[in-house]
Amino acid sequence: MARIIKSPDVRTNELIDCAQRLFFEHGYENTTVNDVIREAGLSKGAFYHYFASKEALLEALAARMARQSLDEMRPLLDDPSLDAVGRLNALFANSRRMKADMAPQLKNTFNALFKPENIVLYHRIDEALTAVTLPFMTEILRRGQEEGSLDAPDPEAMALMLLNLRLGIAKVMHRALQQAEAGDVESAAAMLDNWMQSYGLAVERILKLPEGSIQVTEPGFARAFLAA
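Residues numbered from 1 in each chain as written. Predicted model: local features only at pLDDT ≥ 70, side-chain atom pairs only at ≥ 80, totals over all residues. Heavy atoms only, no water.

S.K.: Hey, could you run me through the overall build of the protein in this one?
M.R.: Counting its regular elements, the protein contains ten helices and zero strands. Each helix (α) and strand (β) of the protein, taken in turn from the N terminus, gives the series α-α-α-α-α-α-α-α-α-α. A compact globule built from 228 residues should have a C-alpha radius of gyration of about 17 Å, and the protein, at 19 Å, falls within 12% of that. For the protein, the spread of C-alpha atoms along the three principal axes comes to 65 × 45 × 30 Å. Burial statistics for the protein: of 228 residues in total, 46% are counted as buried. Summed over its atoms, the accessible surface of the protein is roughly 11800 Å², and 54% of this surface lies on carbon and sulfur atoms. If the 25 positive side-chain charges of the protein are averaged to one point and the 31 negative ones to another, these points end up 5 Å apart. (Helix = DSSP H or I, 4+ residues; strand = E, 2+ residues; numbered from the N terminus. Rg over C-alpha atoms; globule rule 2.2 N^0.38 Å. Buried < 20%, exposed > 50% of the residue type's maximum accessible area, 1.4 Å probe, protein only. Areas by Shrake-Rupley, 256 points an atom, 1.4 Å probe, with all protein chains shown as cover. Lys, Arg positive; Asp, Glu negative; His and termini not counted. Charge placed at Lys NZ, Arg CZ, Asp CG, Glu CD.)

Right under this line is the structure:
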């Protein structure tokens, strides 16, 4: 049988597809490179031609998920009914929707990143996500500055500050997940809600928006995410 030749992009996405299925079903830590190789039907040499490690594969998966989510949001940039604040709120709403829809899979895949031994991987994943998200956020703030709906004299710098601030929520989310898994969902949800509301307040103050302009969370979201 003749060997099927596929383009590098096709092979790369096939490996990411396999990793996504295995990470979501079994968890990142419980999936090995050999598992991915078997799922993809490739040799070990072929795998390492595309990815240097399982960590690099997770980075690629995280970046692709972020790109897919933002691609769904692209029409918002051209929606004349929304100003920059409306676009920011739509961005946060889309993030909540994805987390709610995929809560078990996301927890299964990314919870391991918060362990102390995985701190370097955590920051590599964050850098990959930031690289995808920063141009989108910058464009929203640039338009907001031009239309006068928010204060962002250096849109890229302000966008990077907002993205860096979200790291605090990620760490609190991990603590909340641990607390919920120990059986105290209500306290964990209250803690996560409080931090998300505080993040929204910080965004408002940085961009000089009236209090209540930004909706990072909504009633019941934290509990629903943690209980999923």
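S.K.: For this particular structure, what's the right way to read the nonpolar core?
M.R.: Across soluble globular proteins, nonpolar side chains have a tendency to be buried as a group. Residues Leu88, Leu141, Leu150, Leu192, Leu207, Ile214 and Leu226 are the most contacted members of the largest nonpolar core, which totals 47 residues. Elements with a minimum of two residues in this core: helix 4 (54–77), helix 5 (84–101), helix 7 (119–147), helix 8 (155–181), helix 9 (185–206) and helix 10 (221–227). Broken down by element, this core gets its largest block of residues, ten residues, from helix 8. Ignoring sequence-local partners within four residues, the contact set of Leu150 consists of Ala84, Leu88, Leu141, Gly144, Gln145, Leu207 and Leu209. (Core = buried A, V, L, I, M, F, W, Y, C linked by side-chain atoms within 4.5 Å. Contact = heavy atoms within 4.5 Å.)

S.K.: What is the right way to look at the UniProt feature "DNA-binding region" (unreviewed entry) in the protein in this model?
M.R.: According to UniProt, the feature "DNA-binding region" (unreviewed entry) maps to residues 32–51 in the numbering used here. The distance from the first to the last C-alpha atom of residues 32–51 is 13 Å, and the span holds 75% helix and 0% strand. (UniProt positions renumbered as here; feature names shortened; annotations may be inferred.)

S.K.: Sorry if this is basic, but what is going on with the UniProt feature "domain: HTH tetR-type" (unreviewed entry) in the protein here?
M.R.: Mapped onto the present numbering, the UniProt feature "domain: HTH tetR-type" (unreviewed entry) falls at residues 9–69. Between the end C-alpha atoms of residues 9–69 there is a gap of 19 Å, over a span that is 80% helix and 0% strand.

S.K.: Quick question: what am I supposed to make of helix 2 (residues 33–40) here?
M.R.: Residues three or four positions apart in an α-helix share a direction because the helix packs 3.6 residues into each turn. Of the residues making up helix 2, those classed as buried are Val33, Val36 and Ile37. End-on, the buried residues of helix 2 take up no more than an arc of 100°, which puts them together on one face. Phi turns positive one or two residues past the end of helix 2, at Gly41, with a value near 70°. (Arc of directions from axis to C-beta.)

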